[in-house]
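Structural characterization, general
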Amino acid sequence: MRITQHRDGQWRRVEVSAPAKVNLFLAVGGVPEGEARHQLLTVFQCLDLSEQLRLSTIGTSGTESGGARASEPGEVNNDDEVITRLAPGLTAPSDLDGEGNLIRQALRKLREVTGAPIPATRVEVEKNIPVAGGMAGGSADAAGTLAGANALYGLGLTNPELEEIGAEIGADVPAILRGGNALGRRFGDVMTSLPSGPKRHWVLAISSVGLSTPEVFREFDRLAPSPVKLPDNPPDSFLSALTGSAEVLAETLQNDLEDPALRLRPELGEIKATAIEAGALAAIISGSGPTIACLCADEATARRVQAALQHHPQVALALPTFGPEL
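These figures come from a predicted structure and were not determined experimentally.

How each quantity is defined
- Residues numbered from 1 in each chain as written.
- Predicted model: local features only at pLDDT ≥ 70, side-chain atom pairs only at ≥ 80, totals over all residues.
- Heavy atoms only, no water.
- Pairing = 2+ DSSP bridges.
- Helix = DSSP H or I, 4+ residues; strand = E, 2+ residues; numbered from the N terminus.
- Axes fitted to C-alpha atoms, helices over the stretch in contact; angles between N-to-C directions.
- Contact = heavy atoms within 4.5 Å.
- Parallel < 35°, antiparallel > 145°, perpendicular 65-115°, else oblique.
- Left-handed = near helix turned anticlockwise from the far one by under 90°.
- Nonpolar A, V, L, I, M, F, W, Y, C, P; charged D, E, K, R; others polar.
- Buried < 20%, exposed > 50% of the residue type's maximum accessible area, 1.4 Å probe, protein only.
- Polar contact = N/O pair within 3.5 Å; in protein donor to acceptor, adjacent residues only side chain to side chain.
- Arc of directions from axis to C-beta.
- Core = buried A, V, L, I, M, F, W, Y, C linked by side-chain atoms within 4.5 Å.

This part takes up the sheet that holds strand E11 (residues 292-296). Either a parallel or an antiparallel arrangement is found when strands of a sheet pair, and the pairing is made through backbone hydrogen bonds. Reading across the sheet, the four strands line up as E10-E11-E8-E12 and stay open at both edges, with antiparallel pairing between neighbours. Of all strands in the sheet, those bounded by a partner on one side alone are strand E10 (282-285) and strand E12 (315-323). If you compare each strand with its neighbour and ignore which way they point, the axes differ by 25 degrees on average. Where E10 and E11 come together, four bridges link them in antiparallel fashion. Following the sheet pairing, Ile-284 is matched in E11 by Ala-293. Contacting strand E8 (200-207), E10, E11 and E12, helix H9 (residues 268-277) crosses the sheet at an angle of about 155 degrees to E10. Sheet contacts for helix H10 (residues 299-310): E8, E11 and E12; angle to E8, the most-contacted strand, approximately 10 degrees.

Looking now at the packing of H9 against H10. Orientation of H9 relative to H10, taken along the N-to-C sense of each, is 140 degrees, at an axis distance of 9 Å. Viewed along their axes, H9 and H10 adopt a mutual orientation that is oblique. In the packing of H9 onto H10, the handedness of the crossing is right-handed. Contacts between H9 and H10 involve Ile-271, Thr-274 and Ala-275 from the former and Val-305, Ala-308 and Leu-309 from the latter. When the residues that make up the contact of H9 with H10 are grouped by side-chain class, the tally is five nonpolar, one polar and no charged.

On to the side chain of Arg-13. Looking at where Arg-13 falls in the secondary structure, it is placed in strand E2 (residues 11-28). By relative accessible area, Arg-13 is classed as buried at 17%. Within the structure, the side chain of Arg-13 is placed 3.1 Å from the side chain of Glu-15, a separation counted as a polar contact. Setting aside anything within four residues of it in sequence, one finds Arg-13 in contact with Thr-4, Gln-5, His-6, Arg-54, Leu-55, Ser-56 and Leu-152.

Regarding H9, the residues found buried are Leu-268, Ile-271, Lys-272, Thr-274 and Ala-275. The arc enclosing the buried residues of H9, seen along the axis, measures out at 160 degrees, which places them on a common side. Taken together, the buried residues of H9 touch E8, helix H8 (258-264), E10, E11, H10 and E12. Downstream of H9 by one or two residues, Gly-279 has phi in the positive range, about 120 degrees.

Now for the nonpolar core. Grouped together as the largest cluster of nonpolar side chains are 60 residues, with contacts concentrated most on Leu-24, Leu-146, Trp-202, Leu-204 and Leu-253. Apart from the residues within four sequence positions on either side, Leu-253 is in contact with Leu-24, Trp-202, Ala-282, Ile-284 and Leu-295. Of all hydrophobic cores here, the second largest spans 26 residues; its members include Val-203, Val-216, Ala-278 and Ala-280.

This part is about the packing of helix H1 (residues 102-114) against helix H2 (residues 137-152). Two elements in contact, H1 and H2, have axes whose closest approach is 8 Å; the angle formed by their N-to-C orientations is 35 degrees. The handedness of the crossing between H1 and H2 is right-handed. Taken together, the residues of H2 that come into contact with H1 (itself represented by Leu-102, Ile-103, Ala-106, Leu-107 and Leu-110) are Gly-138, Ser-139, Asp-141, Ala-142, Thr-145, Leu-146 and Ala-149. Grouping the constituent residues of the contact of H1 with H2 by class yields eight nonpolar, three polar and one charged.

Another aspect to go through is the pairing of E10. Both faces of E10 are covered, namely the face carrying Ala-282 and Ile-284 and the face carrying Ala-283 and Ile-285. Joining the antiparallel neighbours E10 and E11 is a turn of six residues, in which Gly-287 adopts a positive phi near 60 degrees.

Turning our eyes to something else, we now look at the environment of Leu-239. Along the chain, Leu-239 turns up in helix H6 (residues 236-241). In sequence terms Leu-239 and Pro-195 are 44 residues apart; their C-alpha atoms lie 9.0 Å from each other. In contact with Leu-239, not counting residues within four places along its chain, are Leu-194 and Pro-234.

Purely spatial values, then, with no claim about function.
This is the structure we're talking about:
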């Protein structure tokens, strides 16, 4: 995640680049007693594909009159503004910037946890990560907001503290804050950094039809009514492959949610097949889907795979990218 601060007289703003992710490994366990979520053991890779956020205090941009009202500790400040601009080819629900937006939740959580008088804040987003695509676009927005507001208002929070706050917003938020390759335990939200390894070339096939994460987990429960206890770490073969060649890594990619996702959306298998036929080393559903992450040996192969996927009737958009992004 990259953070840049700007100052023009009394006007300050912070710009943040917050990456998307793919799950290189995802094992799903049961739901602990008293919890509503499945336990996860997962390895994230953050990507060059990223959201661009700009944070500023409302009333200090030089284009508005008056100053920003500071919030009382723990107060919900309904004066926050979220303005999202979608990249070409992306779609989103009409209420994307509404009260349920994770950016708003991040600002509320910061006020609640720190007690700091954080004023009304505007967050402008250039959205490049597809909505509800299994690549943590909303979590990237939340992570960027936490890190950006921390810098803008001088809150002095450490990255582990931000990750702890982020885990209360969404399980993927800590991974975006951590960056690079990272192992997630518990619900996928307790992070350990892993070696970066070589640059990986990906093509992300964005499905033209969405897929509900709760539905995928319900299908997982139906298929595996007695889930196994998760180990503490992924297999040694996977951890070794993480720093090896793309060909070796391709053989170890794993996603326990792929089978239930394919049962709900069998046509996703056709996208996977098209990617492999075009030269991808592997094509795996990212998270709960429906995005297909296609691992390629090099940039030239990625271009061929992208070209093939762009003509697939079930693919709305094919995006080339690379990782890990630190």
